[in-house]
Amino acid sequence: MAPPPSPTHSAVTLDINGEKHTLTVDHRTTLLDALRERLDLTGTKKGCDQGQCGACTVLLDGRRAVACLQLAVAAEGRAVTTVEGLAEGGQLHPVQQAFLDLDGYQCGYCTPGQICSAVAVIEEHAAGWPSAVTGDVRPEAGPPPLTPEEIRERMSGNLCRCGAYVSIVQAVARAAAVRTETITDTVHTETVRTGPLRTGAFQAETTRTQGAA
């Protein structure tokens, strides 16, 4: 039974994979422990428990976070996405599919964190965020080519003790290509349906596609 509210406990409502969960938790409870021990979402793995290995990586409002260093009470009001929430309608996320197709795992323990991190990496790159190895960091330069060097740097916070790094890099590259192809197809469909002079969201999506190409 959950402990009653007290000076050391609070009732929080967490938005996990689009569903609301109200829990009474100790103020020291990490998001990782809340996910695993209270909500049975065990896809997020506990590795080092010190924020160094990346096995517990989840998405907070679309950005990467290590759940072992995030307090559950601090996650209230934010959208939390775990590996269980990436698939839609029974169809795997392109990153998940790429990891399967290219054997981007061995024991699989770090894989959920790797996948969540890769999802964010692809979006960060498409938005034009530079990395430590990006040569031209000017905003007008747009996203750099997503080379293996870029992928390795951007994924460096996620450790794989089995050493499946070569396949992980390949999987991230393939998923990024799928994302670009999907957006390109969407832009083409909208052009056919509405004509090339449509403004607003279509223009924004076109600019985004050109930057991600």
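Small disclaimer: the values here were computed from a predicted structure and weren't measured. (Residues numbered from 1 in each chain as written. Predicted model: local features only at pLDDT ≥ 70, side-chain atom pairs only at ≥ 80, totals over all residues. Heavy atoms only, no water.)

Visitor: Just to check I follow, could you spell out the sheet that holds strand E1 (residues 9-16) for this structure?
Guide: Backbone hydrogen bonds hold the strands of a sheet together, and the pairing may be parallel or antiparallel. Sheet architecture is open: five strands sit in the order E2-E1-E5-E3-E4, paired in mixed fashion. Bordering the open sheet on either side are strand E2 (19-26) and strand E4 (63-66), each of which pairs with just one other strand. Along the sheet, successive strands turn relative to each other by an average axial angle of 40°, direction set aside. Note that strand E3 (residues 57-60) and E4 share four bridges and pair antiparallel. Note on E4: the bridge partner recorded for Leu60 is Arg63. The sheet strands contacting helix H3 (residues 111-126) are E3, E4 and strand E5 (79-81), and the helix crosses E3 at an angle near 40°. (Pairing = 2+ DSSP bridges. Helix = DSSP H or I, 4+ residues; strand = E, 2+ residues; numbered from the N terminus. Axes fitted to C-alpha atoms, helices over the stretch in contact; angles between N-to-C directions. Contact = heavy atoms within 4.5 Å.)

Visitor: For this particular structure, what's the right way to read helix H1 (residues 31-38)?
Guide: Because an α-helix completes one turn every 3.6 residues, residues spaced three or four positions apart along the sequence face the same direction. Considered for burial, the residues of H1 that qualify are Leu31, Leu32, Ala34 and Leu35. Buried residues along H1 sit against E1, E3 and E5. At the C-terminal side of H1, Asp40 shows a positive phi close to 60°. (Buried < 20%, exposed > 50% of the residue type's maximum accessible area, 1.4 Å probe, protein only.)

Visitor: What exactly am I supposed to notice about the pattern of salt bridges here?
Guide: Oppositely charged side chains can form a pair if their charged atoms are brought close together. Within the structure shown, the criterion is met by 11 salt bridges. Of the charged contacts, one joins Arg179 and Glu123 as a salt bridge, the two residues approaching to 2.8 Å between their closest N and O atoms. With Arg179 in helix H5 (residues 165-194) and Glu123 in helix H3, the pair connects residues that are 56 residues apart, well separated along the chain. For Glu123, a relative accessible area of 37% translates into the label partly exposed. Salt bridges here are not isolated pairs; linked through shared partners, they connect Asp33, Lys46 and Asp49. (Salt bridge = Lys/Arg side-chain N within 4 Å of Asp/Glu carboxyl O.)

Visitor: Can you walk me through the packing of helix H2 (residues 94-101) against H3 in this structure?
Guide: Any two packed helices are characterised by how steeply their axes cross, that is the angle between the axes, and by the distance between the axes. Their axes nearest at 9 Å, the elements H2 and H3 cross at an angle of 125°. Judged by the angle between their axes, H2 and H3 are oblique. In terms of crossing hand, the pair formed by H2 and H3 is right-handed. Along its contact with H2, which presents Val95, Gln96 and Phe99, the element H3 presents Thr111, Gln114, Ile115, Ala118, Val119 and Ile122. Classifying every residue of the contact of H2 with H3 gives six nonpolar, three polar and no charged. (Parallel < 35°, antiparallel > 145°, perpendicular 65-115°, else oblique. Left-handed = near helix turned anticlockwise from the far one by under 90°. Nonpolar A, V, L, I, M, F, W, Y, C, P; charged D, E, K, R; others polar.)

Visitor: Explanation requested: the environment of Glu124 in the structure shown.
Guide: Locating Glu124 in the fold gives a position in helix H3. When near neighbours in sequence (up to four residues on either side) are disregarded, Glu124 contacts Arg64, Trp129 and Arg154.

Visitor: Would you take a moment to explain the state of the cysteines for this structure?
Guide: Disulfides are covalent bonds that connect the sulfur atoms of two cysteines. Overall, the coordinates contain zero disulfides when judged by the stated rule. In this structure Cys48 is not part of a disulfide, and its nearest cysteine sulfur, from Cys53, lies 3.8 Å away. (Disulfide = S-S within 2.5 Å.)

Visitor: Help me understand H2, please; the structure alone is not making it clear to me.
Guide: Every buried residue belonging to H2 is among Val95, Gln96, Ala98 and Phe99, and all of these are buried. Summarising the axial view, the buried residues of H2 lie within an arc of 165°, below the 170-degree limit, and thus occupy one face. Directly after H2, the chain includes Asp103, whose backbone phi takes a positive value near 55°. (Arc of directions from axis to C-beta.)

Visitor: Is there a simple way to think about the nonpolar core in this case?
Guide: In a soluble, globular protein the nonpolar side chains are often hidden away together inside. Counting 26 residues, the largest nonpolar core has Val95, Phe99, Met155, Ile168 and Val172 as its most contacted members. When residues of this core are traced back to their parent elements, those giving at least two are H2, H3 and H5. No other element matches H3, which puts seven residues into this core. When sequence neighbours within four positions are dropped, the list of residues in contact with Phe99 reads Gly104, Tyr105, Thr111, Gln114, Ile115, Ala118, Ile168 and Ala171. Formed by 20 residues, the second largest nonpolar core is a distinct cluster that contains Leu31, Val58, Leu60 and Cys68. (Core = buried A, V, L, I, M, F, W, Y, C linked by side-chain atoms within 4.5 Å.)

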